[in-house]
Amino acid sequence: MSKETPVVNRRIAAAVLSSSGGHAKPYADSAPLDVKPIELADPRPGEVLVRIDAAGICHSDLSVVNGDRPRPMPMALGHEAAATVLALGDPEEPGLAVGDRCVLVFLPSCGQCEECLSGEGYLCSVGAAANGKGELLRGGSRLSCDGETIHHHLGCSAFATQAVVDRRSLVKIDSDISPETAALFGCAVLTGVGAVMNTAQVRPGESVTIYGLGGVGLSALLGALAAGAQPVHAIDPSPAKRALALELGAASASAPGEDEAAMGSDVVIETVGKAAVLAAAYNSARRGGRIVTVGLPNPGEDLSIKAVSLVADGKTLMGSYMGSAIPARDIPRYIKLWRAGRLPIEKLLTSVGPLEEINESMDKLASGEAIRQVIVPAW
């Protein structure tokens, strides 16, 4: 592939959120996300211009819309995506060329902070600070509208036709994976499978219970099965999601409060993002069990558990951000498992639609109707 910078249209379409929280439902009527033309600046050295080929809709996006995760406004949302490289801020960027396919990563690691130097790039303090400010890793925003700065969502802003991202916000992939499938590796798979394999380090024959069967929860279920866990139990209020969990290989699938079969598991993964659900997950683990939470509750929620149980029952409670993953290492590994048929994540795809239906898609996500919806901005 040539590394020459092509002529591209720097005026793009993007889904922009002007205020977080307080939007009436259904979102299809209140339309908190405004799909409109905005300006995209050229990539700087160390940055990449990409075309968004497909973008998954995640609860982390919904949490910004409903106010559970306060972020600077206005913001162009979206963080789980497959893309194609259109231009390089540095034409000599090693290992990357125009035309390369990639998966976006929602936390770039700087490589220099204490966390990165300790091998915990998924906790990069520099990347986290940039994400919190709605900026790219090298500072500032490349998005604007009529002179007003538009903030980046998790360094990606993937609900758009194009994006500028840091080089460390993407992982190159093979060109034969459909964009709709590839997008899921950037968040749902990275987080869910990573929570099982990296954070909990599930061993063959261990029992696992998954609380919450959205895209991340079902990815965790697939990851547990791929790791050799037996039995794997699933808990969710949705009959349709429980049926899918059984189809994917769960030994049991029950509604909350009807989960006797799941009690006493070696490992429990909580993906819902509610303190009360995390408490239930903690209590359901066996003595000496490991509880991993990947859900992001509203910052105002507090967790209530018996403090003495941490010692008396020898339980371990662990947080897992981005699946404790090293994306450049783990995304290729998970793709290999997918190719081998051990991570059939395409079965998690609920629908594919255009960018203009983003508000309707948020309604389906909020109601629990959808697992993973993917938008194709150039539909």
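Our structure is the block above this text.
Below is a summary of the structure that appears in this document. From a predicted model like this one, the values you see are computed outputs, not experimental measurements.

1. Concerning the sheet that holds strand β7 (residues 143-145)
Taken together, 5 strands build a closed barrel; the order of strands is β1-β2-β7-β8-β4 and the barrel is mixed. Bridging between β7 and strand β8 (residues 148-152) involves 3 bridges; their strand directions are antiparallel. When the bridges of β8 are listed, Leu143 appears paired with Ile150.

2. Notes on the sheet that holds strand β11 (residues 208-211)
Strand order across the open sheet formed by 6 strands is β13-β12-β11-β14-β15-β16, with parallel pairing between neighbours. What marks the edges here is a single partner per strand, and that holds for β13 (252-254) and β16 (316-319). Direction aside, the axes of adjacent strands within the sheet are offset by 15° on average. Where β11 lies against strand β12 (residues 232-235), 4 bridges are found, and the strand directions are parallel. Bridge pairing in β12 links Thr209 to His233.

3. Considerations on the side chain of Thr293
Of note, Thr293 is situated in strand β15 (residues 285-293). The exposure class of Thr293 is buried, given its relative accessible area of 14%. Once you skip the residues sitting within four places of it in the chain, Thr293 turns out to touch Glu270, Leu278, Met318, Gly319 and Ser320.

4. Topic: the packing of aromatic side chains
Overall, the coordinates contain 2 aromatic pairs when judged by the stated rule. The interplanar angle of 80° and the centroid separation of 6.4 Å between the aromatic rings of Phe185 and Trp338 together place this pair among those described as edge-to-face. In this pair, Phe185 is assigned in the loop between α5 (179-182) and α6 (188-199) and Trp338 in helix α11 (residues 327-339), connecting sequence segments 153 residues apart. Residue Trp338 is classed as buried on the basis of its relative accessible area of 19%.

5. Some points on the pairing of β12
On a regular strand, one side chain projects to one face of the sheet and the next to the other, so that they alternate. Side chains Val232 and Ala234 project from β12 onto one buried face, and the interleaved His233 and Ile235 project onto a second face that is buried too. With helix α7 (residues 215-226) bridging β11 and its parallel neighbour β12, the resulting β-α-β unit is right-handed. At this point the chain moves from β12, through helix α8 (residues 239-248), to the parallel β13, and the crossover so formed is right-handed.

6. Quick word on the packing of α6 against α7
For the pair α6 and α7, interaxial distance at closest approach is 7 Å and the crossing angle is 45°. With respect to α7, the element α6 is oriented oblique. Both α6 and α7 take part in a crossing whose hand is right-handed. Mapping the contact onto sequence places Ala188, Val189, Thr191, Gly192, Val193, Val196 and Met197 in α6 and Gly215, Val216, Ser219, Ala220, Gly223, Ala224 and Ala226 in α7. Its residues placed into classes, the contact of α6 with α7 shows 9 nonpolar, 5 polar and no charged.

7. Remarks on the packing of α6 against α11
Put simply, α6 and α11 touch, their axes get as near as 11 Å, and they point 95° apart. With respect to α11, the axis of α6 lies roughly perpendicular. Counting all contacts with α6, which are made through Val189, Leu190, Val193, Gly194, Met197 and Asn198, the residues of α11 involved are Pro327, Arg329, Asp330, Ile331, Tyr334 and Leu337. Taken together, the residues that form the contact of α6 with α11 break down as 8 nonpolar, 2 polar and 2 charged.

8. Details of the nonpolar core
Core analysis: the largest hydrophobic core is formed by 59 residues, its most contacted members being Val208, Leu218, Leu221, Ile269, Ile331 and Leu343. Taken together, the elements giving at least two residues each to this core come down to β10 (170-173), α6, β11, α7, β12, α8, β14 (265-270) and α11. By residue number, the principal contributor to this core is α7, which donates 7 residues. In this structure, Val208 is in contact with Val202, Ala224, Ala229, Pro231, Val232, His233, Ser265, Val267 and Ile269, ignoring residues within four places of it in sequence.

Conventions used here
Residues numbered from 1 in each chain as written. Predicted model: local features only at pLDDT ≥ 70, side-chain atom pairs only at ≥ 80, totals over all residues. Heavy atoms only, no water. Pairing = 2+ DSSP bridges. Helix = DSSP H or I, 4+ residues; strand = E, 2+ residues; numbered from the N terminus. Axes fitted to C-alpha atoms, helices over the stretch in contact; angles between N-to-C directions. Buried < 20%, exposed > 50% of the residue type's maximum accessible area, 1.4 Å probe, protein only. Contact = heavy atoms within 4.5 Å. Phe/Tyr/Trp six-rings, centres within 6.5 Å; stacked < 30°, edge-to-face > 60°. Right-handed = clockwise from strand over helix to strand, strands pointing away. Parallel < 35°, antiparallel > 145°, perpendicular 65-115°, else oblique. Left-handed = near helix turned anticlockwise from the far one by under 90°. Nonpolar A, V, L, I, M, F, W, Y, C, P; charged D, E, K, R; others polar. Core = buried A, V, L, I, M, F, W, Y, C linked by side-chain atoms within 4.5 Å.

By themselves, these figures tell us nothing about what the structure is for.
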